[in-house]
Amino acid sequence: MNASDKAPKSDAGKSAILDIAGKQITMPVRSGTVGPDVIDIGKVYANTGAFTYDPGFTSTANCSSKITFIDGDKGVLLYRGYPIEQLAEHSSHLEVCYLLLNGELPNQKQFEEFRGIVSRHTMVHEQMTRFYQGFRRDAHPMAVMCGSVGALSAFYHDSTDINDPRQRIIAAHRMIAKMPTMAAMAYKYSIGQPFIYPRNDLDYTANFLQMCFAVPCEPYSVNPILARALDRIFILHADHEQNASTSTVRLAGSSGANPFACIAAGIACLWGPAHGGANEAALKMLEEIGTVKNIKSHVEKVKDKNSGVRLMGFGHRVYKNYDPRAKVMQKTTHEVLKLLGVNDPLLEVAMELEQIALHDDFFIEKKLYPNVDFYSGIVLRALGFPVSMFTVLFAVARTVGWIAQWKEMIEDPEQKIGRPRQLYVGSGPRDYVQVDKRA
Ligand code: ACO
């Protein structure tokens, strides 16, 4: 039997007991394939009249999923069971898309078929070009992405019926195929160059590079080594279980909203500096530090709680060990800079900063390690992307994770509309007072 066919045990043979003011209720404990057990608190309110309280969902699983597994203490990341290091080394982003979406690696025939389908969906409706022209010339490309991806639902009505499995898969293929085209259009618009059409003879990431960097007036050939480096970056960012943007996509989708609108919601969430915006923030921080001699004073600022300064690209909600993606990213950064013959002083700053932080008690005690975004800015800049495009590139890569998680949720019989409760701390009931009688 294939490992992925093993259904998770629904019961760990254990239960948990909750005692509220002498009243006890027993809750089932569920086990996954690997990872911690979960206490099923679904009946706590019905049985006790009390809610549970967990801001930021630090102890709460919102769904069961077969897509991605993280062991934050050991620094392990698996897509459908496969370690991220192996996928980054041997696979391609498009193959990873197939894996995340379908659960298994494709055989040659399945891959060629998938490649053909994705290639044939890379163009966007021609009218979309006019939609782009409605944005201000200096708009941030993430602002353009939030609007334009949401607008896809206005152009592709025939794949918005979430109850039709065929439409769901067409929407998934469309998202994976069109996202690079739309990201490249956002970039071209921001620099005032004409949009470049996709080329279906190129691989997924090579095609993206040519849409970003080719111009109609001269030939452009993609450097295969740089395309491979970006492809690897896409693999590293393809999914990360129930992170903030993925949870946003699931929550938006739980109401039955169409997939394009849900992905637009995910893009909005990704934009924040605590999430996908961190690669932009990390590079800006390295630029501000500028040279190795300024590191010490920056680290002191970070350690001063009153400064409100964080070490961007460090720390993670789940990883309390080295982010396995950061290791691959660090290696890729060295490879790309060497290949391009670039001597970026910020790489020296980043490496020294990392070493200082890894040996400093403040960071050790708080288990703060570099995350995937610590090095990604340096390599993306070397590839020729402006800082404003960094989070857009993250969105291109994460699209498959979002759509695979959205599809899994819609197909989950346990799925319900997401509706958290609250601890109300506002005013108690009071009577309305006419305006002339108010103090
Ligand atoms: N620099 C300095 N201190 C930090 C950092 C940091 N980067 N991250 C966490 N801390 C400290 C907090 O001040 C807090 O200290 P305290 O206990 O004394 O109050 C403690 O560590 C715990 O921090 P929280 O914010 O509660 O941890 P949380 O799990 O909520 O935050 C997060 C995770 C948002 C990623 C945080 O580490 C952070 O802001 N990092 C910088 C931004 C970043 O790199 N984000 C990218 C995340 S990865 C991704 O999205 C691909």
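Preceding this section is the structure that the text describes.
Notes on the structure follow. Treat the numbers as computed from the prediction; the structure is a model and nothing was measured.

**Structural notes on the overall build of the chain**
Move 1: Looking only at helices and strands, one finds 18 helices and six strands in the chain.
Move 2: The globule rule puts the C-alpha radius of gyration for 439 residues at 22 Å, and the 24 Å found for the chain is close to it.
Move 3: Dimensions of the chain, computed from C-alpha atoms along their principal axes, come out at roughly 75 × 70 × 55 Å.
Move 4: In the chain, which comprises 439 residues, the proportion classed as buried is 45%.
Move 5: Summarising the internal contacts of the chain: among those between residues at least 6 apart in sequence, 69% fall at separations of at least 24.
Move 6: Carbon and sulfur atoms provide 53% of the accessible area of the chain, an area that totals close to 22,400 Å².
Move 7: Averaging the locations of the 48 positively and 46 negatively charged side chains of the chain gives two centres separated by 4 Å.

**Regarding the site of the ligand**
Move 1: Around the ligand sit 20 residues in total, of which K305, R310, L311, R317 and K366 are the nearest.
Move 2: The contact in question runs from an oxygen atom of the ligand to an N or O atom on the side chain of K366, over 2.7 Å.
Move 3: About the coverage of the ligand: the protein hides 73% of its 920 Å² of free accessible area.
Move 4: Its residues placed into classes, the shell around the ligand shows ten nonpolar, five polar and five charged.

**Here's the deal with unusual backbone geometry**
Move 1: Of note, A21 is a non-glycine position whose phi angle comes to about 45 degrees, a positive value.
Move 2: Among the structural elements, A21 can be located in the loop between β1 (15-20) and β2 (23-30).
Move 3: Even without being a glycine, K367 presents a positive backbone phi close to 55 degrees.
Move 4: Here K367 shows up in the loop between α16 (361-365) and α17 (373-382).
Move 5: Looking at K367, the relative accessible area reads 42%, which means it is partly exposed.

**Focus: the environment of I267**
Move 1: Along the chain, I267 falls in helix α11 (residues 259-270).
Move 2: Since its relative accessible area comes to 0%, I267 is described here as buried.
Move 3: Measuring from C-alpha to C-alpha, the distance between I267 and C146 comes to 6.0 Å, with 121 residues separating the pair along the chain.
Move 4: Each residue touching I267, except ones within four places of it in the same chain, is listed here: M142, M145, C146, V149, M179, A395 and W402.

**Section: the nonpolar core**
Move 1: Among the nonpolar cores identified, the biggest contains 110 residues, and Y79, V149, I267 and F385 are the most heavily contacted of them.
Move 2: The dominant element in this core, judged by the number of residues it contributes, is helix α18 (residues 390-410), at 14 residues.
Move 3: Discounting chain neighbours no more than four positions away, the residues touching F385 are F208, L209, C212, F213, L230, L380, F390 and L393.
Move 4: A16, I25, M27 and V29 belong to the second-largest nonpolar core, a separate cluster that totals five residues.

**Section: the packing of helix α12 (residues 278-289) against helix α15 (residues 345-358)**
Move 1: At a closest axis distance of 10 Å, the pairing of α12 and α15 adopts a crossing angle of 100 degrees. Here α12 lies roughly perpendicular to α15, going by the angle between them. Contacts from L283, M285, L286, E287 and I289 of α12 reach α15 at L346, V349, A350 and L353.
Move 2: For the contact of α12 with α15, the per-class residue count stands at eight nonpolar, no polar and one charged.

**Overview of the sheet that holds β2**
Move 1: The antiparallel open sheet is built from three strands, whose spatial order is β1-β2-β3. Each edge of the open sheet is held by one strand with a lone partner, namely β1 and β3 (38-39).
Move 2: Sheet topology places β1 next to β2; six bridges connect them, and they run antiparallel. Across the sheet, the residue bridging to S15 is P28, located in β2.

Rules used in this analysis
Residues numbered from 1 in each chain as written. Predicted model: local features only at pLDDT ≥ 70, side-chain atom pairs only at ≥ 80, totals over all residues. Heavy atoms only, no water. Helix = DSSP H or I, 4+ residues; strand = E, 2+ residues; numbered from the N terminus. Rg over C-alpha atoms; globule rule 2.2 N^0.38 Å. Buried < 20%, exposed > 50% of the residue type's maximum accessible area, 1.4 Å probe, protein only. Contact = heavy atoms within 4.5 Å. Areas by Shrake-Rupley, 256 points an atom, 1.4 Å probe, with all protein chains shown as cover. Lys, Arg positive; Asp, Glu negative; His and termini not counted. Charge placed at Lys NZ, Arg CZ, Asp CG, Glu CD. Near = heavy atom within 4 Å. Polar contact = N/O pair within 3.5 Å; in protein donor to acceptor, adjacent residues only side chain to side chain. Nonpolar A, V, L, I, M, F, W, Y, C, P; charged D, E, K, R; others polar. Core = buried A, V, L, I, M, F, W, Y, C linked by side-chain atoms within 4.5 Å. Axes fitted to C-alpha atoms, helices over the stretch in contact; angles between N-to-C directions. Parallel < 35°, antiparallel > 145°, perpendicular 65-115°, else oblique. Pairing = 2+ DSSP bridges.

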